Amino acid sequence: MYMQYEINEPYPYIPDIDTQRMLNTVLGGGEVPPNAVVPGGRLPEMATVGMPTMMGSSTVPPVGMTTMMPTPDQSYNPENLKEKILNTLGGDDPVIMAFSNLSLNEIKETVFGCIRGSLSDKPPEIRKLTLQQINQALQETSMNSRRIKVILDALETAMQRNIITRREVYECLKDLLDTDIESLSFELLRFFDQMITPTDYKISHDIFINCLQEISKLPSVLTGSYHRMFKQITAMLVKLLDRRHLVVPPICCYADIMVAFSKPNVYPHCSLSEMLNKYVATFNSLAEVFKVENTRHFRPIVRHSMYMPSSWKLDPQTLTYNTVNPQFWVLRFQGHYGQPQHDLMLYTLKQNNSKDFVFNVMLGLRHGKQTVYPEIEKIFLKLLRETCRDADAKDTNALQRMMIWERLGGELSHFIFSNAVNIRTFCESVYKEAKQPATMTVMQRHRDFIMWTINRCMNFGLKVIKMKSRELMFIGDLIRLLYPELSPLQVPDLVSPLSTVYFSAAMLWTMFATKTSDTPGIHSPAPPALIEHINFLMRPGHNYSLKDYTASICLNYINNFLINVAGPEGTTNKPIKFLLDSIFVSNMEYYLPGNVAVPKAIHPLPLELLDSLTAHAKMNILIAFSNRMQNYTKMVRPQDMQVLYNHQIQLTPALVETYSRLLSYSETHFLSMKTMINLLSMPVTGPNNFKVAMTILEMCTYRMQYLKNSHHKIQILTNLQNISNISQSSQPPHPQMQYLVESFIVKMILSLDYYDLSELSRTYAPIQITNKVLSSTSEELNKVFILTVARAMVLSRNKTTQQPWLKPYLDTMIGATPGVRDWSSFTQAAFPPSVLEFCGGNDLGASGSGSNSAENLAMYVTNEYNRFQQIGAKHDFVKYYLEKDSNCIFLCITLRKYMEMDALPTYAQKVISLWSPAILRKQIRNLIQFVVHSLQGQVGNLGPHNMFNRIANVLDDFIYRYSIFGIDTFVLIACLQRYSEQGSNIAFYLLYILLVKKPALKERVDFFVSRAWPRFWQQNGEHSWSHLHKLYHSKFPEHAAFLQVSNNTVYLPVFYSNICLRFIPVLDILLHRLIEICQRTTIRTLIIEILSTYGRLYAFHDTPVTYLHNTLHYYDNILVGEREVVKKVLVNRILEHQPSKPLKKLPKFAKYVQLVDPSVLQAGAPDRSAFVNFKELLHEFTELMGSRVAANELYSEFSPNDWKYNEFGNPITYHLYLTSIQLMTMPIPPVPEEGASDYRVQLTLKMVDVVLGGKSYLPDLANTLGLILSTLPLSFSNGIFVKVTSILKDQNNFYDMDITDTSCPKIPWNNTAQNVLTIVHSFFQHCKADKAGNLPEFVNSVVKLLVKESQVVYVLKLVSPFLRHVFQDRTHHRHPTIIATLSSLYQAIFNLLAETTVANPNLFVDYMYYNKYIFIGDELKPMIEKHLQYIPVNIAAKLKILAYN
């Protein structure tokens, strides 16, 4: 106890009781009672004259006055507690002190009484005030150690008697350590030393932090009082860091040490460094458990940042692998894993479209932060050197070099714009590099491209405008160094796109000269080499043409921070005005579908010209577009429309196509998307607003295949729903807008994935989602959303995981459209359990297509049809069916009437024309149900005049002759209905007749496919999209609503849409429904014929390879056995129509998928000939990953611009998904469906064996295998866990651990186990956290196999990095996965500790503490308390803190 400290120095003399009595008599204070016995420590009731409150500062009361000393039980006002304590301790008057009659114990008891009286049974606010008074009292006695001891002794007594808690005492005293008064700090540390106990480990932890702070204050040479401070801190650290008797969780001490001394110029005292370093070193084994093996060889393939795992996160300050919380829980990793990952950054940045992943995921940067990262600048300097080397390749022409440098400029400008890289320091580094003799020649050879890159960066980083003149000297120095010629360079050929590159140095010099013209000593004449270039730029009159790059050069020059350009007024506007007029203005009219007249500006700005513009120039064009379109929406009056026509401010094909092309540029993507969404969000109140909204929606739907940003998707989808609601509520409703918007919504919903849905759950609460993302009226749109959710959960391996947002969303959906619960049993069979639970199992409800409901509908239709015959007057007929047709069966009645008359009565047309979209959808649902029921007795009659063909003829007329509804609407509703087994056969056979046997849609598809080109961005001139679009609509005009009103409808401009493109997402859904019932031979025949007819449309699919991959993934357990033929046909028909012809690059695979023998359909025996050599597949993919040049050569038909519009941003990602499709298409022997997964496991084991046989290439092959497995279904990746299980079963693979034996191997398992560990870590490194799959089940299954310490450590090392990965990925609700996995791991640890003497118990102790503070908190506290009694006492004592709150 603190009061047991021996006091070596005598206290001031205190008079005895007789002297005190005499003083009281003389001074008039009265007699001291005879029974006031001082020995024994009891204080007298009367005290002497008042004592000073502070040395040298208090006032002694006048002579003759006395001060009452209270008894210990007396209550005090806390506001004057400080004065009472200081009065009791005495002042600085030597006379008063000389005649004091209080003993030391009496003073202590008096101070204690004051404190107790102010604290006992007091409310919290009084106790807080009391503690403040005690704190102030200690501050005023801080120079007197003896008085400090008295107060601290009183506090110790108060703690012993439970008057005050330890936490209150600590909070009261801790800030006093900051006073830097040695005597006070020393006494406080001595006092804190006695508070260190394991039961109050949180206080002990805080005391440890205080000790570390005091260490940093110690001088390097210890003299005088600092020596005793050092000894006290050392004693406390020994106690706190004692591994045998834990008083603080060791991981907390480790983290505190790492944080305290990770700051610049902060070091522990040299005498304590060794002790702290040794303690930190004891955690190396824990860091090894969480370290990923062989990361030196692991490389990512850049997909969209939403698909990239967080395992690649780096600390932007050091570029080392990031842990959970870089500011606190930092594990010090050994080897390559703990070093800066320069090679990883370079490899990633060299991939196309990688900057979003690097910026957002790898480095976790945010725009707007004023933080410069020197390590990132070094990376870009290295990337500049490697770009020079790549540009020097033998087969690289000038335009290819331009594309290589364009990638560097785009990435560097992005980091400069976000303040992560400073343009001045980077250019100064380039200058120093260029001065080196070894690199000067290379830098001068690429000087034009270097200047082009810097020009783009400075143009993009508008902060240069604010730079001072002297800060721009680096520009002049660099240009003078790289352009030393004394004769002028010739003006380049303006027809070549490289001309914009060659003018970059002149543009930069002009900007430098303009900024420094008024600064003496900096301004200098231009380099002679650039004189001609500068004169050309400054020339006032230029002739602009789209056949050369003069306009591009001048626009770049004008936007390069030169506001005041010499020349006539308006010169600065001429280039941009020329470009805008070329796509806005024309003296001729051009007619869009529906005879919508616009100016005949049909040729967009060439993609090469847009490539040559700087980011600032592109931004100016985008802003000009936005302003003109906003002005267009405001013109609604007739006089405004005349102004509109005269000034040619209209939407033209060239404008729309140019705008959509500008959206694809990454450097302006944020601004362009913001502009577009703002236009889309404008109130849709007038005809021009409808036109702009319609145009923007078409661009979103047909020109933004690359759109992957979840936030943008949700914003667009929200605006789509808003426009849909407005178009329905407008009077009259606009049928064209409504019809096309619903088609767009279907496509947008189908494009959502799991990460988009997670973002959606964070954006909107369930109560907000209706009318924002979900529809309040359309059952079909909400059903498409459910299908998307089911697919996303299966693809992300979340089949069994109940997402917190899912049930509220689905419940909200039921409230709006109850029919979304009705699904066919074959569709429900593919649903994950969480979605299946929502759909209510397989019970056919009253609203489904059960026999009773269908019969009731047929009877009701018959009764109403008889009434239909009896209604006479047209007015009565229309009024009746508009008011009384609550069951929406009028289309059923019209169908029967049409089959009799072969024509549609005019009064029936009137009824149909007045329907809202919601009523039309309900009419179609009942029509389909009625037709299916009517055809149930006609299944065997398939002649040319059977009922199937008759009904199909009527439906065909409804679609194409009368335009009652579109074929895409009818097929979509039919696919989403609920059917019995027989009903599904009838419904899909009827769709087959409409799609395959009837010529209407086939003719349209034939005409469209034969003339259109999927790569629309490459089309110009007579082959431009607008020309083909007009040609198609001239031959096949489309009506957006019922024909009778269509002739009177004002059409909106349609720039892209037609039924062929709108049918593609519906075809996706139709194929999925057919696959679900493809066990029937007739259905397989339908799939083959539909794909043979419409497979060509997948050349125009936004994401055909992704759709194929997701389909094979989702139906992995269905497309087996006799259904293999469907898989082959699906793969063949989709891939063979791709412009890149991927099957030509995979000849063996192409031969397999093209072998579809009709006899196979009946025999059910797919061809199982081997078409994949696993060794060749893995080695070739590894070579492609190692050589970007080889990857580009493999897909040489893709230009750099093509990758901007491709569903994948680079060739490696494209090849990855093709490889994944190959493996999922591999034939499976005729085994039961549950045996298909076992066969897939065997395939994975074969690939694992190939990797294990790779020897020196093993880490690279492991990286390839992990990458491929991350894109495959769970049945494949289970193979690596089967391999791990086989390794664990053989105990010969593991050695006994003895950390004290230097002869014991560092890795306590053999090479095979280590190599398998590398493969598993590669898989985890490439997987997102949502692919955890059955990890808890796997760990639980191997617990019984773990009998050796090395086996347990092996499993910990196997799983732990992925747990950190899961925790980092905050977009997913994976906390239950961590708890379940750790629960099984803890069980294995406790089993081992209970049965075996372990060599390194501290590893398991540290592991549990780390998990407590990082992952799970007290979640596993009951489990730990249960097992503490079964493990050795010494280890249990170390784990007891885990059981505390």
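Residues numbered from 1 in each chain as written. Predicted model: local features only at pLDDT ≥ 70, side-chain atom pairs only at ≥ 80, totals over all residues. Heavy atoms only, no water.

Relative to the assigned elements, E411 resides in helix α17 (residues 398–417). In this structure E411 is buried but unpaired, with R407 as the nearest side chain of opposite charge at 4.1 Å. Those residues in contact with E411 that lie beyond four places of it in its chain are L349, Q351, S354, K355, F380 and L383. (Helix = DSSP H or I, 4+ residues; strand = E, 2+ residues; numbered from the N terminus. Buried < 20%, exposed > 50% of the residue type's maximum accessible area, 1.4 Å probe, protein only. Lys, Arg positive; Asp, Glu negative; His and termini not counted. Salt bridge = Lys/Arg side-chain N within 4 Å of Asp/Glu carboxyl O. Contact = heavy atoms within 4.5 Å.)

Over the atoms rolls a probe the size of a water molecule, and its path tells where empty space is left. Using the criterion set out here, one finds 12 cavities of 30 Å³ or more in the structure. Estimates place the volume of the largest cavity at around 160 Å³. Listing elements by their share of the lining of the largest cavity, those giving two or more residues are α34 (735–750), α37 (779–795), α47 (967–975) and α52 (1059–1076). Class assignment of the residues belonging to the lining of the largest cavity gives a composition of seven nonpolar, three polar and five charged. (1 Å grid on protein atoms, 1.4 Å probe; cavity = no way out; pocket = protein on both sides within 12 Å on 5 of 7 lines; lining within 4 Å. Points joined across faces, edges and corners; volume = space filled by probe spheres on them. Nonpolar A, V, L, I, M, F, W, Y, C, P; charged D, E, K, R; others polar.)

At 3.6 residues per turn, the α-helix brings residues three or four places apart onto the same side. Under the 1.5 Å per step criterion, the end-to-end length of α37 is 24 Å for 17 residues, consistent within 8% with the ideal 24 Å. Within two residues after α37, R797 carries a phi angle of roughly 60°, on the positive side. (Expected span 1.5 Å × (residues − 1).)

Here we come to the confidence of the model for the chain. Averaged over all residues, the pLDDT of the chain equals 79, while 81% of them reach at least 70. Scored below 50 in pLDDT, residues 324–328 makes 11 contacts in the model with residues more than four places away or belonging to other chains. Low pLDDT, under 50, characterises residues 562–571; the predicted model gives this stretch 11 contacts beyond four residues in sequence or across chains. (pLDDT = per-residue confidence, 0-100.)

Ranked by size, the top nonpolar core spans 468 residues in total, and within it L173, F965, Y1386 and Y1407 carry the most contacts. With 12 residues, the single largest contributor to this core is α52. Residues in contact with Y1407, not counting those within four places in the same chain, are L286, V289, F290, L1356, S1360, L1363, L1382, L1385, Y1386 and I1389. (Core = buried A, V, L, I, M, F, W, Y, C linked by side-chain atoms within 4.5 Å.)

Here the focus is the packing of aromatic side chains. In this structure the tally under the stated criterion is 51 aromatic pairs. On the basis of an interplanar angle of 45° and a centroid distance of 5.8 Å, the ring pair of F1323 and F1324 is categorised as tilted. Of the two residues examined, F1323 and F1324, each falls in the buried class. Sitting over the face of the ring of W1025, R703 holds its NZ or CZ atom 4.8 Å from the ring centroid. (Phe/Tyr/Trp six-rings, centres within 6.5 Å; stacked < 30°, edge-to-face > 60°. Lys NZ or Arg CZ within 6 Å of the ring centre and 35° of its normal.)

Another aspect to go through is the packing of helix α16 (residues 374–391) against α17. For the pair α16 and α17, the least separation of the axes is 10 Å and the interaxial angle reads 175°. When the interaxial angle is binned, α16 and α17 end up roughly antiparallel. Within the contact between the two elements, α16 uses I376, F380, L383, L384, T387, C388, D390 and A391 and α17 uses R401, I404, W405, R407, L408, E411, L412 and F415. (Axes fitted to C-alpha atoms, helices over the stretch in contact; angles between N-to-C directions. Parallel < 35°, antiparallel > 145°, perpendicular 65-115°, else oblique.)

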